Every structure is written in structure tokens, then in C-alpha cells.
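If you want the building blocks of each chain, they are given just below.
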Amino acid sequence: MSFAGFPVAALDFYEDLEVDNSKTFWTAHKDTYDTCVKTPMDALCAELAEEFGAAKMFRPYRDVRFSKDKTPYKTHQGAYIPTGAATGWYVQLSARGVMTGGGFYDADSARLGRVRDAIDADASGAALARIVATLTDAGWELGGDTLKTAPRGFDTDHPRIGLLRHKSVIFTRQHGFEPVIHTPDLVGVVRADWSELRPFIEWVATYGD
């Protein structure tokens, strides 16, 4: 099945789910989720698979075991294409429209140590700083978990201390309600976004994995 765009009903579904996040609502509207959210997301990812790899669709159910928030359903649908350990490309649909992204969302102490050593090193650290500057200048939002101070072993006046504080690095771009999200042309938009992120994904693969 070719991707034809996300219907307006998909955004309406998540807007309503934010108001009534209950099993009763979900059961009554599961067909809308299947036809307007899941099926188009599968089709979108399938059209990008040859270039970027097979996607993993996140389950719509929340893990509430250790959360104070016991609402049972996620209010967005995400799909993720892994390129390495906790690293890859991402696309998400919610009541706020479409968001694209990518980066690494988790790192054990050994991997984080390798990343920080690469940020500290002159050549690889400068290369990353250029990549980050290019992406943020192009409108990407830099996020991820960060320390409040310098990591152990690094000075607070390090020229790349902002990057060294990161425990994860995520770039996101909001496409919101732009008309393109309802058309087949969204495939090209996501492809272009993920291609822009490729230098960062490759940097992580080179120095973190």
C-alpha cells in the first residue's frame, strides 16, 4: 500500500484521546487508529525502508507499572529506525501533527565515555560542533538529557562543555499541521529530514559504537 498522507481524522483521534484516555474510548475508536494512524504510518515507513532500514512501530499502550500517570494509551504514534545501539531516525504523529527526529536516546557508561572522549578531542569534537551548528541553524531543535554541571574529569570552561553535559542527544523538527502531512509528499519531507541528520548519526556510529 502506498502512503497517501495522514488523514485529518488521525489528528482528531489523538485530540479526542487526550481528553478521554480510557479503554472505553479506545475500544470504540480502535478502527480509526488502525485505518488512520497505524496503516498510514506503516506505509510511510515502508517507502523509506530501502534507504534507511526497517522501522519499528511503537506500541500504543503505555507502561504504567512505575508511573504515577496511569492513563493506558500513548497520545502519539512513533516509529523508529535503529542504526545502532539506542540510535536512529524517528517520526511521530500526534494531535500536534508530525514531528521528525533522530539521535541517540540512551548510553551506558562505557558508550557515554567514548562519546565524551570524542567530544573532548580536537578533531572529532570540532567536527561534531560543526554538525550541531549546521543542524540548529537549519531549524533543528537540540534536546536530550543533560547534566546540570560538567561531567567528572572535564572543566566547566571546556569549549564544548554544552555538548559534554549531554547524556543523550536528540534532534527534532516540528512539521505540525502543514498541508504536506496529508499528502504523499510527506515521504520526501521525512526523507530529506533524515538525510540532514545523517552526518550526526554517522558521527555517533564512528565514535560511540
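Residues numbered from 1 in each chain as written. Predicted model: local features only at pLDDT ≥ 70, side-chain atom pairs only at ≥ 80, totals over all residues. Heavy atoms only, no water.

A. The overall build of the protein chain, seen in detail. Looking only at helices and strands, one finds six helices and six strands in the protein chain. By its C-alpha atoms, the protein chain is 55 × 40 × 25 Å across when sized along the principal axes. A buried classification covers 44% of the 209 residues belonging to the protein chain. Look at the contacts in the protein chain between residues 6 or more apart in sequence, and 67% of them connect residues 24 or more apart. Where the 23 positive side-chain charges of the protein chain centre and where its 29 negative ones centre are 8 Å apart. (Helix = DSSP H or I, 4+ residues; strand = E, 2+ residues; numbered from the N terminus. Buried < 20%, exposed > 50% of the residue type's maximum accessible area, 1.4 Å probe, protein only. Contact = heavy atoms within 4.5 Å. Lys, Arg positive; Asp, Glu negative; His and termini not counted. Charge placed at Lys NZ, Arg CZ, Asp CG, Glu CD.)

B. Examining helix H6 (residues 186-207) more closely. Between its terminal C-alpha atoms H6 stretches 32 Å, which fits the 32 Å expected from 22 residues at 1.5 Å a residue. Residue Arg198 marks the point of greatest curvature in H6, where the axis turns by about 45 degrees; the proline Pro199 follows within four residues. Within the sequence span of H6, burial applies to Leu186, Val187, Val190, Asp193, Trp194, Leu197, Phe200, Ile201, Trp203 and Val204. (Expected span 1.5 Å × (residues − 1). Bend = angle between axes of the 7 residues up to and from the residue.)

C. The arrangement of the pattern of salt bridges in detail. This structure, assessed with the given rule, holds ten salt bridges. For Arg198, the salt bridge identified is with Glu51, shortest N-O distance 4.0 Å. With a gap of 147 residues between them, Arg198 in helix H6 and Glu51 in helix H2 (residues 23-52) connect regions that are remote in the sequence. Classification of Arg198 by relative accessible area gives partly exposed; the value is 26%. On the accessibility criterion, Glu51 (40% relative accessible area) is partly exposed. In this structure, the salt-bridge partner of Arg173 is Glu196, at a minimum N-O distance of 3.3 Å. Placement of Arg173 in strand E6 (residues 169-176) and of Glu196 in helix H6 is noted, with a sequence separation of 23 residues between them. If you follow the salt bridges from partner to partner, you end up with Glu51, Arg191 and Arg198 in one network. (Salt bridge = Lys/Arg side-chain N within 4 Å of Asp/Glu carboxyl O.)

D. Up close: H2. Here H2 contains 30 residues, and its C-alpha end-to-end distance of 35 Å is more than 12% below the 44 Å for a straight helix at 1.5 Å per residue. Within H2, burial applies to Phe25, Trp26, Tyr33, Cys36, Val37, Pro40, Met41, Ala43, Leu44, Cys45, Leu48 and Phe52. Contacts made by the buried residues of H2 are with helix H1 (8-19), strand E1 (56-57), strand E2 (76-84), strand E3 (87-94) and H6. One or two steps after H2, the chain reaches Gly53, where phi turns positive at roughly 115 degrees.

E. View of the layout of surface pockets. Empty space within the largest pocket amounts to approximately 210 Å³. Along the walls of the largest pocket sit 13 residues, with Phe58, Tyr80, Tyr90, Tyr105 and Ile170 positioned nearest its centre. Elements that contribute at least two residues to the lining of the largest pocket include exactly E3, strand E4 (97-104) and E6. For the lining of the largest pocket, the residue count by class is seven nonpolar, six polar and no charged. (1 Å grid on protein atoms, 1.4 Å probe; cavity = no way out; pocket = protein on both sides within 12 Å on 5 of 7 lines; lining within 4 Å. Points joined across faces, edges and corners; volume = space filled by probe spheres on them. Nonpolar A, V, L, I, M, F, W, Y, C, P; charged D, E, K, R; others polar.)

F. Examining empty space enclosed by the protein more closely. If you walk through the whole model with that rule in mind, you get one cavity of 30 Å³ or more. By volume, the largest cavity amounts to about 50 Å³. In terms of lining, the largest cavity is formed by Phe104, Val115, Ile119, Leu128, Leu163, His166, Val169, Phe200 and Trp203. At the level of secondary structure, the elements contributing two or more residues to the lining of the largest cavity comprise helix H3 (109-120) and H6. Here the lining of the largest cavity is built from residues that sort into eight nonpolar, one polar and no charged.

G. Looking closely at the nonpolar core. In terms of nonpolar packing, the biggest core is built from 55 residues, with Leu44, Val91, Leu93 and Phe200 touching the most fellow members. Broken down by element, this core gets its largest block of residues, eleven residues, from H2. Sequence-distant contacts of Val91, defined by excluding residues within four places in its chain, comprise Met41, Leu44, Cys45, Gln77, Gly78, Ala79, Val98, Met99, Thr100, Val190 and Trp194. (Core = buried A, V, L, I, M, F, W, Y, C linked by side-chain atoms within 4.5 Å.)

H. Quick look at unusual backbone geometry. Phi at Ala86 is positive, roughly 50 degrees, even though this residue is not glycine. The topology assignment puts Ala86 in the loop between E2 and E3. Given the relative accessible area of 17%, Ala86 is considered buried.

That is the geometry; function is a separate question.
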